[in-house]
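Here is what each chain is made of, one letter per residue.
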Amino acid sequence: MTVAERRVTVASPVGLHARPAARFVTAAAAFDGEVYLARPGGPRVSAASMLAVLTLGVRGGEEIVITAEGDGAEELLDRLAEIAACTAD
Amino acid sequence: MEPNRRPPAVGERTLTGVPASPGRAVGPVAVLAPPPALPGVRPAVDDPAAETARALAALERVAELLRAQAASLDGPAREILEAQALMAADPQLAAAIAERVREGLAAEWALDAAITSYQEVFRSMGGYLADRAADLGDIRNRALAVLLDAPMPRPPAPGHPFVLVAEDLAPADTVRLDPQTVLAIVTRMGGPTDHTAILARSLGIPAVVACTEAHRLYDGVPVAVDGDRGEVVVRPAAGQAPPVRPARPAADAEVTGPGRTADGHPVALLLNLGGEDPERAAAHDCEGVGLLRTEFLFLDRVTEPTQEEQYAAYARLFRAFGDRVVTVRTLDVGSDKPLAFAAQGDEPNPALGTRGFRTVRTCPGVLRRQLAAVARAARETGARVQVMAPMVATPQEAADFVGMAREAGLAEVGVVVEVPSAALLADRILRQVDFVSVGTNDLSQYTLAADRTRNALPDLLDPWQPALLHLVGRVGAAGRSLGRPVGVCGEAAADPLLALVLVGLGATSLSMAAPALPGVRRALARHSLRDCRDLAALALAAAGPREAREAVRGAVGW
């Protein structure tokens, strides 16, 4: 089993809300394994929960830490990092 | 509303109501089904696993419906519905429901309670998330409809422009109306639709409310709505009234700047804020912030945010508002909005427990550090900053808070009046502080003894309840005689009609969500302080909330 971690800056001006959040959660929920999201040094929440991701209230320009455990974790993180780094809102 | 399936009498027929938003429009009716209510009797739970499964199956059904609806759309509407589907299928929501079922709640109640608590969190975070609270409410209504086998409430989407007919519209329903497809609004209730009226006006949608025969209208029947005269013509003669798109009323644009009555009496119009973007919030035409909910910095945190982090957030906001006043409400949490780093233990009655200012009894450090961060941000930005403590019940507590805030170096210190005891002794409280702000939402919950986190007792929580207004009047009178400002920061202040009453009761400032500002500003500009006092007297003397609203509406001529 692979455990992978990635730090990315959320590029969307609205932060991890609205469309970016929906894309992020959809990708995380489709993963066969655990995926977590946190601010650096902060508590982690399930990245597969829209409510958890929304209430984390990540804003544009903030750094986040994504952790995934399971087969294909690195690939998933590539995808999530890409979503987070997308500047479109 | 149960639509009447029988065709109306041949030929024209005119239904009358109360004009609520000017303009005329003709189009086919689309009826909005009412949200389902929880049954009066709460059954016992024998098989928690089966009960949880029932609730989750209903949510999955809702998620499916939302996904299907999303697939038929494009653009932002599609993405909004897809995001909503993700919320309906959320694993944490499922866990929260299972937890409540284990505590003994049947599926319907567990679902309602779990969603209500997420809504509270969303609202307290403000901005984008506060708007999503309405999406959660919609999920709740749909899932309840599945569980109770009731008609699914959904905004009509007949695929063409229509006249929306409803029993009543919640503000959230109105906010989501698309002025491109909703030609006009007709509601049967005159209820708390002042929000509806003002929003309809701001969107330029003609509206008729309190149309008692609106239930006779059914999907597809053509009607002509006259929002100036309060008339709805059923099956109008061809060519009678062309579908006029009324221009956005110019009146809102004419009145800008500081709030004042027609005779020039100033009433500061302020903003209620949470975690919104400070610069964007500061762009609104307002005189400052009347309520900064600071919970957004604290919720969902395992550890308390550092003073440095708090300072940075406050300073950014203070800078954004420049020389306008910013009123910071200190942390309003307790066992109903628990914080991991300030554990309160379980309380069976959290609304009556150790919340708000009362948390100093168990962990005073949190408030001290918050006040220090606010004071530092105020000092370094040179902003005009006020602080106020929530849930202060006694003059002694007010004095204690003033002591703490002054020690931190803050000059303007007040308290939120939201406990009836504080309203009753408003004169003694006001002698301790520089100002007070009446939190009408909690004050109404505590005065009428009706839980505001449930939807079961809306009439008791109606801000037009004369008992609530009497308490506000008592605070206003104390403020007037001591020459101290009395603000109102609850939802009541956002209702233009009620805002007039509040000013008549002695409110010197009104704080509300940004969309409500133009309507309240305009209402004030049309009435003198004397008018407001007369309206307040009418409301105080009324038998009940409905009568109070009708008496004031009648006197104002809306």
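Nothing here was measured: the structure is a model prediction, and the numbers come from that model. (Residues numbered from 1 in each chain as written. Chains lettered and ligands numbered in written order. Predicted model: local features only at pLDDT ≥ 70, side-chain atom pairs only at ≥ 80, totals over all residues. Heavy atoms only, no water.)

**Focus on the packing of aromatic side chains**
Residue and element names in this part refer to chain B. Put simply, the rule reads: The rule is short: rings of Phe, Tyr and Trp, with Trp giving its six-membered ring, pair when the centres are within 6.5 Å, and they are stacked under 30 degrees, edge-to-face over 60, tilted in between. Here a helix means four or more residues in a row that DSSP labels H or I, a strand means two or more in a row labelled E, and each is numbered from the N terminus. Relative accessibility decides the category of a residue: with a 1.4 Å probe and only protein chains considered, values under 20% of the type maximum give buried, values over 50% give exposed, and everything between is partly exposed.
Throughout the structure, instances matching the rule amount to two aromatic pairs over all chains. Centre to centre, the rings of Phe357 and Phe401 are 5.7 Å apart; their planes meet at 80°, and the pair counts as edge-to-face. Of the two residues, Phe357 is situated in the loop between β11 (325-329) and α11 (364-381) and Phe401 in helix α12 (residues 395-408); the sequence distance between them amounts to 44 residues. For the pair Phe357 and Phe401, one class covers both residues: buried.

**Re the sheet that holds strand β9 (residues 268-273) of chain B**
Residue and element names in this part refer to chain B. Filter applied, for reference: A pair of strands is considered paired only if DSSP assigns at least 2 bridges between the two. Helix axes are fitted to C-alpha atoms over the stretch in contact, other axes to C-alpha atoms as well, and angles between N-to-C directions run from 0 to 180 degrees. Throughout, a contact is declared for two residues whenever any of their heavy atoms are within 4.5 Å.
The sheet built from eight strands closes into a barrel, its strands ordered β9-β10-β11-β12-β13-β14-β15-β16 with parallel pairing. When strand polarity is set aside, the average angle formed by the axes of neighbouring strands in this sheet is 25°. One ladder, built from four bridges, connects strand β12 (residues 385-389) with strand β13 (residues 412-417); its direction is parallel. Bridge assignment links Val387 to a residue of β13, and that residue is Val413. Across the face of the sheet, α11 comes into contact with β11 and β12 while running at roughly 165° to β12.

**Concerning the environment of B:His265**
Residues and elements named next belong to chain B. Tracing the chain through its elements places His265 in the loop between α8 (250-254) and β9. Since its relative accessible area comes to 27%, His265 is described here as partly exposed. Here the alpha-carbon distance between His265 and Leu524, two residues 259 residues apart in the chain, equals 9.4 Å. The residues contacting His265, other than those within four sequence positions of it, are Gly259, Arg260 and Leu529.

**Some remarks on the UniProt feature "binding site: Mg(2+)" (unreviewed entry) in chain B**
Residues and elements named next belong to chain B. Let me state the cut-off plainly: UniProt positions are given in the numbering used here, feature names are shortened, and annotations may be inferred rather than shown by experiment. Any pair of nitrogen or oxygen atoms within 3.5 Å is treated as a polar contact; in protein, a donor-acceptor pairing is required on top of that, and neighbouring residues in sequence qualify only through side-chain atoms on both sides.
Per the UniProt record, "binding site: Mg(2+)" (unreviewed entry) is found at Glu418 and Asp442. For the annotated residues, spread through 25 residues, the largest C-alpha to C-alpha distance comes to 5.4 Å, consistent with a single compact locus. Within the fold, Glu418 resides in the loop between β13 and α13 (420-424). The exposure class of Glu418 is buried, given its relative accessible area of 3%. If we ignore the near neighbours within four places in the chain, the residues touching Glu418 are Pro390, Met391, Gly439, Asp442, Leu443 and Tyr446. A distance of 2.6 Å separates a polar side-chain atom of Glu418 from the backbone nitrogen of Met391. Looking at the secondary structure, you find Asp442 in helix α15 (residues 440-447). Relative accessible area serves as the criterion here: at 5%, Asp442 is assigned to the buried category.

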